[in-house]
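So you can see what is in the structure, the chains are spelled out below.
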Amino acid sequence: QPLTRRQIRIAEVHPGEFNDPIAISLHHERFLTNEHAEAQHMPYEALSYVWGSKENPVPIIADNSDLYITQNLSSALKHLRYRGRSRFVWVDALCIDQNNEVEKGPCVAMMGDIYRRAARVVVWLGEAENSSDQAINLMKWMGDRVEIDFFDQSMRPSLLLRKDNGKLTGFTDRAVPLQLDEDQHLSIHFLLCRPWFERLWVLQEIYLADQKAAIVACGHQTIPWSTFRRAWAYSYIKPTRPNFKHALDFRHRSYVIQHVVFYFSYLSMPHLRSNFGHSQCADPRDRIFAVVSLEPSLRELGIVPDYTSTRT
């Protein structure tokens, strides 16, 4: 059904076992932007993910009709749906009519507020592979033992590490390399090489999320975004173990994606272009539409997303 002014769709993902067909219902909800309402959270989760290849789409049941989605989104919904109750999510591929260019513009204009007001943002990195379970467990372990200042890139022991009575010598010493073996280090490298970190839209989706509520999901593993972010920053700040075979690749990858984890107190178009010009998006117009919600001065430019125009 078409959306009316100041409405969004919420997808109710019906419960099921992992291999059951996916079934959803779409509900229209009144949605006031920050201009008309305080930024109180609404009872839905917003998914931050990569569409993936559009080849071999997967059918799901949407209000008793067939709807085709990418395999990556299908995998996300299978992993994230509950077995005994519905889960209410906002997902662009489900909640925006992708065949309606007129509808896209107003929906994209609200996306900043949609992620800002979500009860929780869920980052979906993909299915378990390349020892990702080990990587997530390592990120949990490291992230719980360090506190990070994300502006000056300094670190100090967390309360949990202090309770260890200094057993981990040099854990927060910037001169001491990461204390990981080859397989552990490689598993984290593979995790950070996933396509999610390259998407331009994720800046808005995770920057505007409730940082305390957001989570990262990979396969059946989940980790709080705040913990994941601390561990990621920690692995960036610390020197790489000298005999790690993929040290150069790891350092290069960390440098390319560092701006997703280290937030900035001020954002401008030149800054965004310099730091995120390499980020990926399917439509060149999204290089503007994906970032205008990040900083007040950018919103004041009055840019209105419009996908009906063929000009780029």
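What you see is a predicted model, and the numbers here were worked out from it, not measured in a lab.

Draft legend 1. Spotlight on the packing of aromatic side chains. This model, assessed by the stated rule, comprises twelve aromatic pairs. Measuring from centroid to centroid gives 5.8 Å for W90 and Y115, while their planes differ by 80°, and the two rings are edge-to-face. Taken together, the residues W90 in strand 6 (residues 87-90) and Y115 in helix 3 (residues 101-116) connect sequence positions 25 residues apart. Considering the side-chain rings of F150 and F262, the 6.3 Å spacing of their centres and the 55° angle between planes classify their relative orientation as tilted. Linking F150 in the loop between strand 8 (146-149) and strand 9 (154-157) with F262 in the loop between helix 9 (247-261) and helix 10 (269-276), this pair joins segments that are 112 residues apart in sequence. Its relative accessible area of 14% is what places F150 among the buried residues.

Draft legend 2. Quick peek at helix 4 (residues 132-143). In this model helix 4 runs 16 Å from its N-terminal to its C-terminal C-alpha over twelve residues, within 8% of the 16 Å that 1.5 Å per residue would give. Among the residues of helix 4, those classed as buried are S132, A135, I136, L138, M139, M142 and G143. Down the axis of helix 4, the smallest arc covering the buried residues is 160°, so these residues share one side. Buried residues along helix 4 sit against strand 8, helix 6 (182-192), strand 10 (215-218), strand 11 (221-224) and helix 8 (225-237).

Draft legend 3. Structural detail: the sheet that holds strand 5 (residues 65-69). Reading across the sheet, the nine strands line up as 5-4-2-1-6-3-7-10-11 and stay open at both edges, with mixed pairing between neighbours. The open sheet has two free edges, formed respectively by strand 5 and strand 11, since each of these has just one partner strand. Within this sheet the neighbouring strands show an average axis-to-axis angle of 35°, counted without direction. Bridging between strand 1 (residues 7-13) and strand 2 (residues 23-30) involves seven bridges; their strand directions are antiparallel. Opposite I8, over in strand 2, you have E29 as the bridge partner. Its contacts with the sheet place helix 1 (residues 71-80) against strand 1, strand 3 (42-48), strand 4 (58-62), strand 5, strand 6, strand 7 (118-126) and strand 10, and it is angled at close to 120° to strand 7.

Draft legend 4. Quick peek at empty space enclosed by the protein. Going through the model one piece at a time under the given rule, you end up with one cavity of 30 Å³ or more. By volume, the largest cavity is sized at about 90 Å³. Surrounding the largest cavity, V13, E45, A46, L47, L77, L80, R81, R87, V89, V91 and V122 form its lining. Within the residue set of the lining of the largest cavity, elements represented by two or more residues are strand 3, helix 1 and strand 6. Top element by residues in the lining of the largest cavity is strand 3. It accounts for three residues.

Parameters and conventions
For every chain, the first residue of its written sequence is number 1, and the numbers climb from 1 along that sequence. Local features are withheld for residues below a pLDDT of 70 in this predicted model, meaning they are given only at 70 or higher, and side-chain atom pairs are given and counted only at 80 or more; totals for whole chains, interfaces and linings count all residues. In computing side-chain values, all of the structure's heavy atoms are included and hydrogens and water are not. Centre distance within 6.5 Å is the pairing criterion for rings of Phe, Tyr and Trp, where only the six-membered ring of Trp is used; planes under 30 degrees apart are then read as stacked, over 60 as edge-to-face, and the remainder as tilted. Helix and strand labels come from DSSP, where a helix needs a run of H or I of at least four residues and a strand needs a run of E of at least two; each type is numbered from the N terminus. Buried, partly exposed and exposed residues are distinguished by accessible area as a fraction of the type maximum, computed with a 1.4 Å probe on protein chains only: under 20%, between the cut-offs, and over 50%, respectively. Expected helix span is computed as 1.5 Å times (number of residues minus one). The reported arc concerns the directions from the helix axis to the C-beta atoms and nothing else. Contacts are assigned to residue pairs that have any heavy atoms within 4.5 Å of one another. For two strands to be treated as a pair, DSSP must find at least two bridges joining them. Between N-to-C directions, angles cover 0 to 180 degrees, with each direction set by a line fitted to C-alpha atoms, over the stretch in contact for helices. A 1.4 Å probe that fits but cannot get out identifies a cavity on a 1 Å grid over protein atoms alone, an open set with protein on both sides within 12 Å along at least five of seven lines counts as a pocket, and a residue lines either if it has an atom within 4 Å of a point. Grid points are joined across faces, edges and corners, and a volume is the space filled by probe spheres set on the points.

So far we have only geometry, and geometry alone does not tell us how the molecule works.
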